[in-house]
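Here are the chains, one letter per residue:
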Amino acid sequence: MARRIGSRYTAHQILGRGSAGTVWLGEGPEGPVAIKLLREDLSSDQELVGRFVQERTALLGLEHPHVVSVRDLVVDGNDLALVMDLVRGTDLRTRLDRERRLAPEAAVAIAADVADGLAAAHAAGVVHRDVKPENVLLDMQGPLGPGGSHRALLTDFGVAKLIDTPRRTRASKIIGTPDYLAPEIVEGLPPRAAVDIYALATVLYELLAGFTPFGGGHPGAVLRRHVTETVVPLPGIPDELWQLLVQCLAKAPASRLRASELAARLRELLPLLAGMPPLDVDEPDTDQPEETAEELSGAAPAAGRPVRRGAVPLVPGAKPSDSNRDTHTSMRVPAPDELAGGAHGTARAPRAAGAPRPGSARNRAVTRRRRLTLAVAATLVTAAAVGTWLATTEDTPPPPRDQKNSAPATP
Ligand SMILES: Nc1ncnc2c1ncn2[C@@H]1O[C@H](COP(=O)(O)OP(=O)(O)OP(=O)(O)O)[C@@H](O)[C@H]1O
């Protein structure tokens, strides 16, 4: 059923749902558009309203073939809507869920497109801060690129920030998606362009492997791995590509490539990767029951339900039917001692397909130590996630310790 959005747009048909609203195929004065409509029951949520406005602001004047442009922001009664370029296709998460992992040529072509989009955003002074497969759209109506890949466009600048925003203090809260968070964010440093490079390298690793390098288990454990662990090589990956990934997953932001350089280096690799099949990598041993959020919170995971590991809902009380894919989190920056994971890594080590699983019998002392660390992280994360769902407080001094988890969010 058609629905008017403001005086200029009509929404015709639902394209998809996110945790904060619905994206419609619509029509405007200049032709077809995508209209992202904030859920009515959330229109009084200042944080989410702020995200919509932020997305419009961040993208003002940014036109690029690899960025989804925002055309308009409509406020009409209870309706708040972002009008965007329509991308006829799907998002990268959906493709990855379907194919599990991509051929290196297609993965690298997609990553190069996103790097180009990031280069434009960074040149405009904007850091995206939430690069992940959900926020990459694939244009399936345009011509095919290398490896049969569709043009990729970066979207959802809802938590983007101006790079040069003055900051008086270190960040006291984290916003983003645990699997893709750069170590400097976990350590409380202000997000610069290099955080997007780290996130994009994580996405590329995921496209190649089928899983992220530091994901798995409770969000607190994921954050700690970003800071303390090194990425484990993927069997069969060409060395040139691996070196590029390692450089962009460097713990030190200054060691990572800039977006334009990354795009160029990725494109240089395409001929080398032409025709190469997806890597033959088995999902690493995920037998880490002591690390799951469900166990730490005492709740059993629903049988058969695929859980995006490390995910917590963005919108308090969001039902799975709203979106089972929301993966943002917001929590207090852990203190350095809370991040110390000990000498025993928990990063999931990929194995060549068919290789025997590493010994799953664990040293009990190590397990006990990890349980303790994770219990601390779980307490912090649960308390923080309940109190603050969408907060960035780079510009405000951290509140006293006993108020941190209930501090109002600052846009
Ligand atoms: N510009 C667009 N053109 C076409 N489809 C779009 C566009 N933007 C979003 N979509 C589709 O709408 C769906 C919902 O998008 P939305 O950005 O609201 O949610 P999300 O990013 O999946 O989740 P969240 O908002 O919780 O992070 C996505 O599956 C996406 O494929």
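Residues numbered from 1 in each chain as written. Predicted model: local features only at pLDDT ≥ 70, side-chain atom pairs only at ≥ 80, totals over all residues. Heavy atoms only, no water.

1. Thoughts on the overall build of the protein chain
Right, so step 1: Helices and strands together make up the secondary structure of the protein chain, namely 11 helices and 15 strands.
Right, so step 2: Per-residue burial for the protein chain yields a buried fraction of 54% across its 411 residues.
Right, so step 3: Expressed as a percentage of contacts within the protein chain between residues at least 6 apart in sequence, the contacts between residues at least 24 apart total 70%.
Right, so step 4: Just so you have it, the protein chain exposes about 17,700 Å², and 54% of that area is on carbon and sulfur atoms. (Helix = DSSP H or I, 4+ residues; strand = E, 2+ residues; numbered from the N terminus. Buried < 20%, exposed > 50% of the residue type's maximum accessible area, 1.4 Å probe, protein only. Contact = heavy atoms within 4.5 Å. Areas by Shrake-Rupley, 256 points an atom, 1.4 Å probe, with all protein chains shown as cover.)

2. Focus on the domain arrangement of the protein chain
Right, so step 1: Once the domains are mapped, the protein chain shows domain 1 (3-84) and domain 2 (89-339).
Right, so step 2: Tallying the contact residues gives 20 residues for domain 1 and 27 residues for domain 2.
Right, so step 3: For the pair domain 1 and domain 2, the two sides together bury roughly 1,900 Å², of which 60% comes from carbon and sulfur.
Right, so step 4: The partner of aspartate 156 in a salt bridge is lysine 36, with the nearest N and O atoms 3.9 Å apart.
Right, so step 5: At the surface where domain 1 touches domain 2, the tally comes to four residue pairs in polar contact (both at pLDDT 80 or more).
Right, so step 6: Top contributing element to the side of domain 1 that touches domain 2 by residue count: helix H1 (residues 46-59), with six residues.
Right, so step 7: For the side of domain 1 that touches domain 2, the class distribution of residues is 10 nonpolar, five polar and five charged. (Domains from an automatic or database assignment. Buried area = accessible area lost by both parts, 1.4 Å probe. Salt bridge = Lys/Arg side-chain N within 4 Å of Asp/Glu carboxyl O. Polar contact = N/O pair within 3.5 Å; in protein donor to acceptor, adjacent residues only side chain to side chain. Nonpolar A, V, L, I, M, F, W, Y, C, P; charged D, E, K, R; others polar.)

3. Overview of the packing of helix H2 (residues 92-99) against helix H5 (residues 193-209)
Packed helices, taken two at a time, are described by their axes: the angle between them and the distance between them.
Right, so step 1: With their axes 10 Å apart at the nearest point, H2 and H5 run at an angle of 25° to one another. Viewed along their axes, H2 and H5 adopt a mutual orientation that is roughly parallel. Residues Leu92, Arg93 and Leu96 of H2 form the contact with H5, whose participating residues are Val203, Glu206 and Leu207.
Right, so step 2: Residues of the contact of H2 with H5, tallied by class, amount to four nonpolar, no polar and two charged. (Axes fitted to C-alpha atoms, helices over the stretch in contact; angles between N-to-C directions. Parallel < 35°, antiparallel > 145°, perpendicular 65-115°, else oblique.)

4. Things to note about helix H3 (residues 104-123)
Right, so step 1: Here H3 contains 20 residues, and its C-alpha end-to-end distance of 28 Å stays within 8% of the 28 Å for a straight helix at 1.5 Å per residue.
Right, so step 2: With respect to burial, H3 is a largely interior element, 18 of its 20 residues being buried.
Right, so step 3: Glycine 125 occupies a position one or two residues after H3 and carries a positive phi of about 85°. (Expected span 1.5 Å × (residues − 1).)

5. A closer look at the environment of leucine 234
Right, so step 1: Position of leucine 234 among the secondary structure elements: in the loop between helix H6 (219-228) and helix H7 (239-248).
Right, so step 2: The sequence separation of leucine 234 and serine 44 amounts to 190 residues, and the corresponding C-alpha distance is 46 Å.

6. Topic: the packing of aromatic side chains
Right, so step 1: Tallying each qualifying case throughout the model produces two aromatic pairs.
Right, so step 2: Consider the rings of tyrosine 205 and phenylalanine 211, whose centres lie 6.2 Å apart with planes at 70°: the pair is edge-to-face.
Right, so step 3: The buried category is assigned to tyrosine 205, whose relative accessible area is 0%.
Right, so step 4: Judged by relative accessible area, which is 4%, phenylalanine 211 ranks as buried.
Right, so step 5: Between tyrosine 205 and tryptophan 242, the aromatic rings sit 6.4 Å apart at their centres with planes inclined by 50°, giving tilted as the arrangement. (Phe/Tyr/Trp six-rings, centres within 6.5 Å; stacked < 30°, edge-to-face > 60°.)

7. Concerning the side chain of glutamate 184
Right, so step 1: The topology assignment puts glutamate 184 in helix H4 (residues 183-186).
Right, so step 2: Glutamate 184 has contacts with Leu189, Ala194, Val195, Lys251, Pro253 and Arg256, leaving out every residue within four places of it along the chain.

8. Some remarks on the pairing of strand E6 (residues 79-84)
Right, so step 1: Along E6, six of the six residues are buried, which leaves the element largely enclosed by surrounding structure.
Right, so step 2: Pairing of strand E4 (residues 31-38) with E6, which is carried by four bridges, proceeds in the antiparallel orientation. In the strand pairing of E6, isoleucine 35 is matched with valine 83.
Right, so step 3: Counted along the chain from strand E5 (residues 70-76) to the antiparallel partner E6, the turn is two residues long, and its residue glycine 77 has a positive phi close to 60°. (Pairing = 2+ DSSP bridges.)

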